[in-house]
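Structural characterization, general
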Amino acid sequence: MWIPIQINENSAEPLYHQIETQLKSLIISGTITEGTLLPSIREFAGDLKCSVITVRRVYQDLEAEGLLRTRQGTGTFVSHVGEGAMEGYKKEAIRKALESAVDVGLSVQCSEAELMELFREIVKHKYGSQE
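By convention here, each chain's residues receive numbers from 1 onward along its written sequence. Per-residue local features are limited, in this predicted model, to residues with pLDDT of at least 70; the limit for side-chain atom pairs, both in listing and counting, is 80 or more; totals at the level of whole chains, interfaces and linings are taken over all residues. With hydrogens and water set aside, each side-chain value is computed from the structure's full complement of heavy atoms.

1. Focus: the overall build of the protein
Short version of the rule: Only runs of H or I of at least four residues qualify as helices and only runs of E of at least two qualify as strands under DSSP, and these elements are numbered from the N terminus. Burial status follows relative accessibility: with a 1.4 Å probe on protein chains alone, a residue under 20% of its type maximum counts as buried, one over 50% as exposed, and anything between as partly exposed. Here a residue-residue contact requires only that any non-hydrogen atoms of the pair lie within 4.5 Å. Computed with the Shrake-Rupley method and a 1.4 Å probe, the accessible areas treat only the protein chains shown as cover for residues.
Of regular secondary structure, the protein possesses five helices and two strands. The secondary structure elements of the protein, listed N-terminal to C-terminal, are α-α-α-β-β-α-α. Looking at the 131 residues of the protein, the share that counts as buried comes to 25%. Within the protein, contacts between residues separated by at least 24 positions form 48% of all contacts whose residues are at least 6 apart in sequence. In the form shown here, the protein has an accessible surface area of approximately 9100 Å², with 53% of it arising from carbon and sulfur atoms.

2. Structural notes on the UniProt feature "domain: HTH gntR-type" (unreviewed entry) in the protein
How we decide: UniProt positions are given in the numbering used here, feature names are shortened, and annotations may be inferred rather than shown by experiment.
UniProt marks residues 13–81 with the feature "domain: HTH gntR-type" (unreviewed entry), using the numbering shown here. As annotated, residues 13–81 comprises 51% helix and 12% strand, and the C-alpha atoms at either end are separated by 27 Å.

3. Here's the deal with a nonpolar patch on the surface
Under the convention used in this document: What makes a patch is a set of residues exposed beyond 30% relative accessible area and free of salt bridges, joined within 9 Å when like-charged and within 5 Å when nonpolar (Val, Leu, Ile, Met, Phe, Trp, Tyr). A pair is scored as a salt bridge if a Lys or Arg side-chain nitrogen falls within 4 Å of a carboxyl oxygen belonging to Asp or Glu.
On the surface, Ile94, Leu98 and Phe119 cluster together to form a nonpolar patch covering roughly 280 Å² of accessible area. Residue placement: Ile94 occurs in helix H4 (residues 83–107).

4. Remarks on the nonpolar core
Side chains that are nonpolar tend, in soluble globular proteins, to be buried together. Note the following rule: Note on terminology: a nonpolar core comprises buried Ala, Val, Leu, Ile, Met, Phe, Trp, Tyr and Cys residues joined through side-chain atoms within 4.5 Å.
If you look at the biggest cluster of nonpolar residues, it comprises 23 residues, and the most contacted ones within it are Ile3, Ile5, Leu23, Ile32, Leu38, Phe44 and Tyr59. If you list the elements that add at least two residues to this core, you get helix H1 (15–28), helix H2 (41–48), helix H3 (52–64) and H4. By residue number, the principal contributor to this core is H1, which donates five residues. Other than its neighbours up to four places away in sequence, Leu23 contacts Ile3, Ile5, Ile32, Leu38, Phe44, Val58, Tyr59 and Leu62.

5. Some words on the side chain of Thr76
Inspection of the secondary structure assignment puts Thr76 in strand E2 (residues 75–78). Residue classification places Thr76 among the buried positions, given a relative accessible area of 8%.

6. Some points on H1
Keep this limit in mind: Here a helix's expected span is defined as the number of its residues, less one, multiplied by 1.5 Å.
Between its first and last C-alpha atoms H1 spans 20 Å; for 14 residues at 1.5 Å apiece the expected length is 20 Å, and the two agree. Tucked inside the fold, the buried residues of H1 contact H2, H3, strand E1 (68–71), E2 and H4. Looking at the residues trailing H1, positive phi occurs at Gly30, about 85 degrees.

7. What about the side chain of Glu20?
Quick note on the threshold: This count recognises Lys and Arg as positive and Asp and Glu as negative, with His and chain-terminal groups excluded.
The residue Glu20 is located in helix H1 in this model. Lys24 is the oppositely charged side chain nearest to the buried, salt-bridge-free Glu20, at an N-O distance of 5.5 Å. Once you skip the residues sitting within four places of it in the chain, Glu20 turns out to touch Val58, Asp61, Leu62 and Glu65.

8. A few points about the packing of aromatic side chains
Selection rule: Aromatic pairs are defined between Phe, Tyr and Trp rings, using the six-membered ring for Trp, whenever the two ring centres lie within 6.5 Å; interplanar angles under 30 degrees are classed as stacked, those over 60 as edge-to-face, and all others as tilted. A ring is scored as having a charge over it whenever the NZ atom of a lysine or the CZ atom of an arginine sits within 6 Å of its centre and within 35 degrees of its normal.
Applying the stated rule across the entire model yields one aromatic pair. Positioned above the aromatic ring of Tyr16, the side-chain terminus of Arg57 is 3.5 Å from the ring centre.

9. Digging into the confidence of the model for the protein
The test is simple: Per-residue confidence from the predictor is reported as pLDDT, a score between 0 and 100.
Taken over all residues, the pLDDT of the protein has a mean of 91, while the share at 70 or more is 98%. Within the protein, the lowest mean pLDDT, 88, falls on H4, and the highest, 97, falls on H3.

Here's what the structure looks like:
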């Protein structure tokens, strides 16, 4: 199975975190559904051109969060995630991204009003709102 994950080798973000964040988003969004068999650690590492240790860490972290389950001799599958948990994961992912954006705004001395206006513009553009 091909998993659409893009790695930015020039990013300061660790490789395992880039992979984990994107895989988690694919599961939370329902793009990769419950019961889907993921590639073996070795196969996925080969596809991503990264270390087996990196992919093992991603799988272990997501298994610890309850998003994946591994069956010895069978493979790693996407777990059942209840609707309430799914909403929690979505909100947490959005919260982290927004906190990061606010931190960048603060670091470049952007005012709260400027940041809110920029946020509104981006939301309008992305959602295609016409007000």
